[in-house]
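Letter by letter, the chains look like this.
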Amino acid sequence: MKIKVGFGFDVHQLKEGHPFIVGGVQLDHHAGAFGHSDADVLVHAICDAILGAANLEDIGYHFPNTEERWRGVSSLLLLEECVKLLAAKGWSLGNIDAMLCLEAPKIKPYIPEMKARIAVSAGISEEDVSIKATTNETMGFIGREEGVVAYAVCLIER
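Attention here is on the structure that accompanies the text. Treat the numbers as computed from the prediction; the structure is a model and nothing was measured.

**A word on helix H3 (residues 75-88)**
The periodicity of an α-helix, 3.6 residues per turn, causes residues three or four positions apart to be oriented the same way. An ideal rise of 1.5 Å per residue puts 20 Å on 14 residues; H3 measures up with 20 Å between its terminal C-alpha atoms. Taken as a whole, H3 has its buried residues at Ser-75, Leu-76, Leu-78, Leu-79, Cys-82, Val-83 and Leu-86. Angular distribution of buried residues about the axis of H3 spans 150°; they occupy a single face of the element. H3 presents Lys-84 and Ala-88 as exposed residues on the side facing more than 90 degrees away from its buried surface.

Below, the structure is given as structure tokens:
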């Protein structure tokens, strides 16, 4: 058996009045991530980790923000497409470990639903999806609640 790991990172600006979708779940918050798709920072980082592990470029290569067909699309659909690309190269996804960095809202109540939605879209068990969150201790653009960041790693196997 051969294994590889991948790393993903994403950042989105927060804007008043936008929906805040993270891990496929809409958070109750006054501001949300701004982007071409649904701006799901967590799923975007996971997609990049998967694509990177299999040497398949990055999320912007496969789903460019210059294509109207990706405008407003659920990032869970992008995740499903990334897993299909992975399978086409003979790989399967082993696990995902992800970290969100934002000041508000508190993420803990949303994590079970995020894990469930990501697991379904990725075709793996909820036990193989880890989601954690931290703050930036009120420092920088994250601390000022101007943006949100996500990091992810994954393991793929053949």
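**Digging into the environment of Ser-130**
For Ser-130, the position within the fold is in strand E6 (residues 129-134). For Ser-130, a relative accessible area of 28% gives the class partly exposed. Counting along the chain gives 80 residues from Ser-130 to Ile-50, while the straight-line C-alpha distance between them is 15 Å. Leaving out residues up to four positions away in the same chain, Ser-130 has contacts with Ile-96, Asp-97 and Ala-98.

**Description of unusual backbone geometry**
Of the consecutive residues Ala-104 and Pro-105, the connecting peptide bond is found in the cis state with omega at 0°. Along the polypeptide, Pro-105 turns up in the loop between strand E5 (92-101) and helix H4 (111-122). A positive phi angle, close to 60°, is found at Ala-39, a residue other than glycine. Positioned with a positive phi, Glu-57 is a non-glycine residue whose angle comes to about 70°. On the secondary structure map, Glu-57 appears in the loop between helix H1 (41-53) and helix H2 (59-62). On the basis of relative accessible area, Glu-57 is assigned to the exposed category, the value being 51%.

**Details of the pairing of strand E1 (residues 3-16)**
In summary, the side chains of a regular strand alternate between the two faces of the sheet. Strand direction decides the pairing type here: E1 and strand E7 (residues 147-157), joined by eleven bridges, are antiparallel. Bridging from a neighbouring strand, Val-5 pairs with Leu-155 of E7. Sheet topology note: the E1/strand E4 (residues 31-33) ladder contains three bridges and is antiparallel. Opposite Leu-14, over in E4, you have Ala-33 as the bridge partner.

**As for the pairing of E6**
When E5 meets E6, the two strands line up parallel, connected through six bridges. Across the sheet, the residue bridging to Ala-98 is Ile-131, located in E6. For the handedness criterion, the β-α-β arrangement of E5, H4 and E6 is classed as right-handed.

Criteria and thresholds
- Residues numbered from 1 in each chain as written.
- Predicted model: local features only at pLDDT ≥ 70, side-chain atom pairs only at ≥ 80, totals over all residues.
- Heavy atoms only, no water.
- Helix = DSSP H or I, 4+ residues; strand = E, 2+ residues; numbered from the N terminus.
- Expected span 1.5 Å × (residues − 1).
- Buried < 20%, exposed > 50% of the residue type's maximum accessible area, 1.4 Å probe, protein only.
- Arc of directions from axis to C-beta.
- Contact = heavy atoms within 4.5 Å.
- Pairing = 2+ DSSP bridges.
- Right-handed = clockwise from strand over helix to strand, strands pointing away.

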